[in-house]
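Residue strings, one per chain:
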Amino acid sequence: MTTTVLELEDVTLNFSGVRSLDGVSLEIREGETFGIIGPNGAGKSSLFNCVSGVYRPQQGSIRHRGQEIRGARPDRINARGIGRTFQNVESFPTMTVLDSVLLGCISKQRAGVLRGMLWYGWAAREERESRAKAEEVLEMFGLGALRDTRMGELPGGTQRQVELCRALAAEPDVLLLDEPVAGMTHDEVESMVDAILDANERLGLTVVLIEHNMGVVMDICDRIAVLDFGRLVAVGTPSEIGANPEVLAAYLGSAQADSA
Ligand SMILES: Nc1ncnc2c1ncn2[C@@H]1O[C@H](COP(=O)(O)OP(=O)(O)OP(=O)(O)O)[C@@H](O)[C@H]1O
Ligand SMILES: [Mg+2]
């Protein structure tokens, strides 16, 4: 039996007159690699922002393993097991790679500052466990040697890999990746694709991936959803999506609009 990990029902998001998402309903299944494609401004990042608690949709329901999460705080959603990376790398340039990955563990740590002062030993143990987790994830992706390097000294592609490690350090069961290979060289794309497949196959994570790189989407996704003007146009396997006339129209339509 397939388990539904994430379920969106009739999700609608408005920004003063702009409808970013228009009644989107989707089910994402345990263990799948799910792609989200669509022209610029289609609402793809908005959808991630709704699922991860950055935006609160005016209408609809978002469930994680059957529990409503619409409107919950981003750190709570992260602590439930939904990790994400952002379209634009958001790291601090002077922070080391290890510290950047450690940031990912924060939502897992239960000892706040006050509790940390009262029960120092407990907080110290959590800190040690977080460090071990961060180092393990970096090693797994071959980035262990860069642990003390400052983020600002790394090429963009490697920064994106560290962001992936940061998301993984919180031990999510669902990973939302917003354009993980944008702006990467061919080699960087290959190693990022390997890392994503590792997360999916070796760690067993459900991966939801927004991407403009159609080669990557077609290659690694089990199913693909197409958004256009905030509406869900189609969901299907890569071959179904590649042959769908509405999908071609959405892309050709936006290409014509761009060249007009
Ligand atoms: N914080 C916001 N305030 C106002 N409008 C927003 C906000 N976030 C998104 N939008 C609008 O919602 C629509 C969808 O934007 P979104 O960023 O979700 O698109 P996208 O599909 O991720 O595009 P791209 O491929 O360019 O990243 C756009 O019209 C955008 O201007
Ligand atoms: Mg986007």
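Residues numbered from 1 in each chain as written. Chains lettered and ligands numbered in written order. Predicted model: local features only at pLDDT ≥ 70, side-chain atom pairs only at ≥ 80, totals over all residues. Heavy atoms only, no water.

## A short note on the domain arrangement of the protein chain
Under the domain assignment, the protein chain is made up of domain 1 (1-31 + 58-71), domain 2 (75-186) and domain 3 (213-260). With centres defined by C-alpha atoms, the gap from domain 1 to domain 3 works out at 20 Å. Each partner contributes residues to the interface: domain 1 has eleven residues there, and domain 3 has nine residues. When domain 1 packs against domain 3, the two sides together hide about 600 Å² of surface, and 54% of this comes from carbon and sulfur. The tally of links from domain 1 across to domain 3 stands at two residue pairs in polar contact (both at pLDDT 80 or more). (Domains from an automatic or database assignment. Contact = heavy atoms within 4.5 Å. Buried area = accessible area lost by both parts, 1.4 Å probe. Polar contact = N/O pair within 3.5 Å; in protein donor to acceptor, adjacent residues only side chain to side chain.)

## Observations concerning the sheet that holds strand β6 (residues 82-85)
Overall, mixed pairing links the six strands, which are arranged β6-β7-β8-β3-β9-β10 in an open sheet. Of all the strands in the sheet, the pair left with one neighbour each is β6 and β10 (231-236). Within the sheet, the average angular offset between the axes of one strand and its neighbour, ignoring direction, is 15 degrees. When β6 meets strand β7 (residues 174-178), the two strands line up parallel, connected through four bridges. Residue pairing for β7: Arg-84 is matched across the bridge by Leu-176. Against the sheet, helix α6 (residues 156-169) touches β6 and β7, its axis set at about 155 degrees to β7. (Pairing = 2+ DSSP bridges. Helix = DSSP H or I, 4+ residues; strand = E, 2+ residues; numbered from the N terminus. Axes fitted to C-alpha atoms, helices over the stretch in contact; angles between N-to-C directions.)

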